[in-house]
Amino acid sequence: MPVPMEYRLASQDFDRFLGEVAEETGLATRNQSYTTTQAVLQAFRRRLDTAQAIAFAQVLPAMLRALFVMDWDPQEPRVTEWDHAAMTEEVRRLRIDHNFSPDSAIADVARVLRGHVDAAAFARCLATLPPEARAFWSCD
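Please read these numbers as outputs of a predicted model, since none were measured by experiment. (Residues numbered from 1 in each chain as written. Predicted model: local features only at pLDDT ≥ 70, side-chain atom pairs only at ≥ 80, totals over all residues. Heavy atoms only, no water.)

Visitor: Got a minute to help me understand the pattern of salt bridges in this structure?
Guide: Where charged atoms from two side chains of opposite charge come close, those side chains can pair. Counted under the stated rule, the structure contains nine salt bridges. For the salt bridge of E24 with R111, the shortest nitrogen-to-oxygen distance reads 2.7 Å. With E24 in helix α2 (residues 10-25) and R111 in helix α7 (residues 105-114), this residue pair connects regions lying 87 residues apart in the sequence. The exposure class of E24 is partly exposed, given its relative accessible area of 35%. Residue R111 is classed as partly exposed on the basis of its relative accessible area of 35%. Where R46 meets E90, a salt bridge forms, and the shortest distance between an N and an O atom there is 2.8 Å. Of the two residues, R46 is situated in the loop between α3 (30-45) and α4 (50-58) and E90 in helix α6 (residues 84-93); the sequence distance between them amounts to 44 residues. Judged by relative accessible area, which is 23%, R46 ranks as partly exposed. (Salt bridge = Lys/Arg side-chain N within 4 Å of Asp/Glu carboxyl O. Helix = DSSP H or I, 4+ residues; strand = E, 2+ residues; numbered from the N terminus. Buried < 20%, exposed > 50% of the residue type's maximum accessible area, 1.4 Å probe, protein only.)

Visitor: I tried to follow α6 on my own but got confused; where do I start?
Guide: Owing to its 3.6 residues per turn, the α-helix brings residues three or four apart onto one side. Inspection of α6 places M87, T88, E90 and V91 among the buried residues, and these make up the whole buried set. Seen end-on, α6 carries its buried residues on one side only, within an arc spanning 155 degrees. The exposed residues of α6 that point more than 90 degrees off its buried face are A85 and R93. Structurally, α6 contributes buried residues whose contacts are with α3, α7 and α9 (131-136). (Arc of directions from axis to C-beta. Contact = heavy atoms within 4.5 Å.)

Visitor: Would you explain the nonpolar core in this entry?
Guide: Proteins that are soluble and globular tend to have nonpolar side chains buried together. Counting 38 residues, the largest nonpolar core has F44, F56, F68, L113 and W137 as its most contacted members. Elements with a minimum of two residues in this core: α2, α3, α4, α5 (62-69), α6, α7, α8 (119-127) and α9. Counting residues per element, this core draws most heavily on α7, which supplies six residues. Among residues more than four places away in sequence, those in contact with F68 are L41, F44, R45, L48, A53, F56, A57 and L60. (Core = buried A, V, L, I, M, F, W, Y, C linked by side-chain atoms within 4.5 Å.)

Visitor: Looking at this structure, I do not really get the packing of α2 against α3. What am I missing?
Guide: Between two packed helices, the angle of one axis relative to the other and the distance separating the axes together describe the packing. Between α2 and α3, the shortest axis-to-axis distance is 8 Å and the interhelical angle comes to 90 degrees. One element, α2, and the other, α3, form an angle in the roughly perpendicular class. Together, F14, D15, F17, L18, G19, V21 and A22 of α2 and R30, S33, Y34 and T37 of α3 make up the contact between the two elements. For the contact of α2 with α3, a count of residues per class yields six nonpolar, three polar and two charged. (Axes fitted to C-alpha atoms, helices over the stretch in contact; angles between N-to-C directions. Parallel < 35°, antiparallel > 145°, perpendicular 65-115°, else oblique. Nonpolar A, V, L, I, M, F, W, Y, C, P; charged D, E, K, R; others polar.)

Shape descriptors only; they carry no functional weight alone.
Given below as structure tokens:
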């Protein structure tokens, strides 16, 4: 079987994604958009159980899937609070001295992410998650 295009083009697709996040957030560099994206994914992941997180990872593009699970400690206590202000603060705490995530980081990353996933598969996955998880990716 040939290597799936998803993997052959993963680096290019990821670079395009980071560029779009930088544009959407008003960040100056892909390094900044990488930190913002990673922080948003981690804030979401902390609120899922392991089965939910694995199911969500399956609908992400290859490099975002890798970023979603990178440095994951499945034994870390799950966060149950879905307060938007608290999640935004979590996003800002990753690499705090080099993090320029705006207040709108979660919605900005959500808007860009929706353009890089299979919409039907993403919707099916979100439908299995709590309402707060669906709201997280609603782009509001």
